[in-house]
Amino acid sequence: MGIKLKYEVDGEDFTRAGEASGDIKKTLKKLGFPPETVRNVAIAVYEGEINMVIHANGGEITADLSEDGITVVLADKGPGIPDIGMAMKEGYSTAPDNVRALGFGAGMGLPNIKKYSDGMEIDSVVGEGTTIKLKFLPKQ
Amino acid sequence: MKVTEAVKLLEAEVLCGDTEAVDIFTACGSDMMSDVLAFVKEQACLLTGLVNPQVVRTAEMMDIKCVIFVRGKKPDEDILSLAMAKDIVVLRTDKSMFSACGALYSGGLRGGKLA
Ligand SMILES: Nc1ncnc2c1ncn2[C@@H]1O[C@H](COP(=O)(O)OP(=O)(O)OP(=O)(O)O)[C@@H](O)[C@H]1O
Ligand SMILES: [Mg+2]
């Protein structure tokens, strides 16, 4: 097995945010990955997808699925993250009030991604964009 | 409890899904999806006053099988068709968040462990 998936995430359409994560979740389930792994990937990627839409005007998600591991890369050409250490702190958020009214912006997303993944690397350049690489090791 | 039981306790309207097919073991009430994603662990139902498709998406990712809109909030057709596609039961009740949670608690449901 070795399946590659690729999605464009529309930064203009908040209502469609989560389509990519939902499709990745469905695919993992169909391929028979353990339920806990499926849930961990779904939650982490969904947090990343929402971030892309609310902070970075969209981007691209690629997923590489194989029995020994799942790699997901979320890449955007948004404003970048000036201080990654700060952004990783629980409760730190620059989300405006209109995002909070939609139910997001508690500053929990990045720490949550870390919690649910088995490896997280953030590369971000202010003015150029952000790339987050996630690794998941299926546990039986 | 079966969702059917929750429908009675909440005097709720069933908007989609099979209430006999879904069991709920715990409940979580929040208008912040960020917190739901960060804290909910066990198989729960979600009570919320927030109405947008991301409520259903959040439930989907978390394996939450039942969403209950409180304060008489009415989800639109898009939200309901998304819920149907994801096999999620949707209810609505006129009760406030506080009263809805209280009614479920009195019926025997308890809050789950926080992740
Ligand atoms: N892709 C991104 N591009 C630019 N900035 C980002 C991106 N992702 C996160 N950030 C920055 O990092 C902060 C923290 O992100 P995090 O996901 O933890 O919280 P949030 O999105 O603000 O709220 P929540 O995730 O709880 O809804 C954001 O407020 C934002 O400033
Ligand atoms: Mg976030």
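The shown structure was predicted, so the numbers you read here are calculated from the model rather than taken from an experiment.

## With respect to the packing of helix H3 (residues 53-62) of chain B against helix H4 (residues 77-85) of chain B
All names here are of chain B.
Here is step 1: For the pair H3 and H4, the least separation of the axes is 9 Å and the interaxial angle reads 15°. Here H3 is positioned roughly parallel relative to H4, judged by the angle of their axes. Both H3 and H4 take part in a crossing whose hand is right-handed. Contacts between H3 and H4 involve Pro53, Val56 and Arg57 on the former and, on the latter, Ile79, Leu82 and Ala83.
Here is step 2: Split into classes, the residues belonging to the contact of H3 with H4 amount to 5 nonpolar, no polar and 1 charged.

## As for the site of ligand 1
Here is step 1: Around ligand 1, a shell composed of 22 residues is seen, among which Ser93, Thr94, Gly105 and Met108 of chain A together with Ser34 of chain B lie nearest.
Here is step 2: Chains contributing residues near ligand 1 are chains A and B.
Here is step 3: With respect to ligand 1, the side chain of Asp76 of chain A contributes an N or O atom lying 2.9 Å from a nitrogen atom.
Here is step 4: Within the contact set of ligand 1, an oxygen atom lies 3.0 Å away from a backbone nitrogen or oxygen of Ala106 of chain A.

## A short note on the side chain of Ser34 of chain B
Here is step 1: Positionally, Ser34 of chain B belongs in helix H2 (residues 33-39).
Here is step 2: Residue classification places Ser34 of chain B among the buried residues on the basis of a relative accessible area of 4%.
Here is step 3: Polar side-chain contacts of Ser34 of chain B include one of 3.3 Å to the backbone nitrogen of Gly105 of chain A.
Here is step 4: Excluding anything up to four places from it in sequence, Ser34 of chain B contacts Gly103, Phe104, Gly105, Ala106 and Met108 of chain A.

## Thoughts on the sheet that holds strand E1 (residues 13-16) of chain B
Residue and element names in this part refer to chain B.
Here is step 1: Spatially, 6 strands are ordered E1-E5-E4-E3-E2-E6 in an open sheet, and the strand pairing comes out mixed. Lying at the two open borders of the sheet, with one neighbouring strand each, are E1 and strand E6 (110-111).
Here is step 2: Examined bridge by bridge, strand E3 (residues 44-48) and strand E4 (residues 66-69) share 4 bridges and lie parallel to one another. Across the sheet, the residue bridging to Thr48 is Phe69, located in E4.
Here is step 3: Against the sheet, helix H1 (residues 3-10) engages E1, E4 and strand E5 (89-92), with an angle of about 10° to E5.
Here is step 4: H4 contacts E1, E4 and E5 of the sheet and is inclined by roughly 75° relative to E1.

Thresholds applied
Residues numbered from 1 in each chain as written. Chains lettered and ligands numbered in written order. Predicted model: local features only at pLDDT ≥ 70, side-chain atom pairs only at ≥ 80, totals over all residues. Heavy atoms only, no water. Axes fitted to C-alpha atoms, helices over the stretch in contact; angles between N-to-C directions. Helix = DSSP H or I, 4+ residues; strand = E, 2+ residues; numbered from the N terminus. Parallel < 35°, antiparallel > 145°, perpendicular 65-115°, else oblique. Left-handed = near helix turned anticlockwise from the far one by under 90°. Contact = heavy atoms within 4.5 Å. Nonpolar A, V, L, I, M, F, W, Y, C, P; charged D, E, K, R; others polar. Near = heavy atom within 4 Å. Polar contact = N/O pair within 3.5 Å; in protein donor to acceptor, adjacent residues only side chain to side chain. Buried < 20%, exposed > 50% of the residue type's maximum accessible area, 1.4 Å probe, protein only. Pairing = 2+ DSSP bridges.

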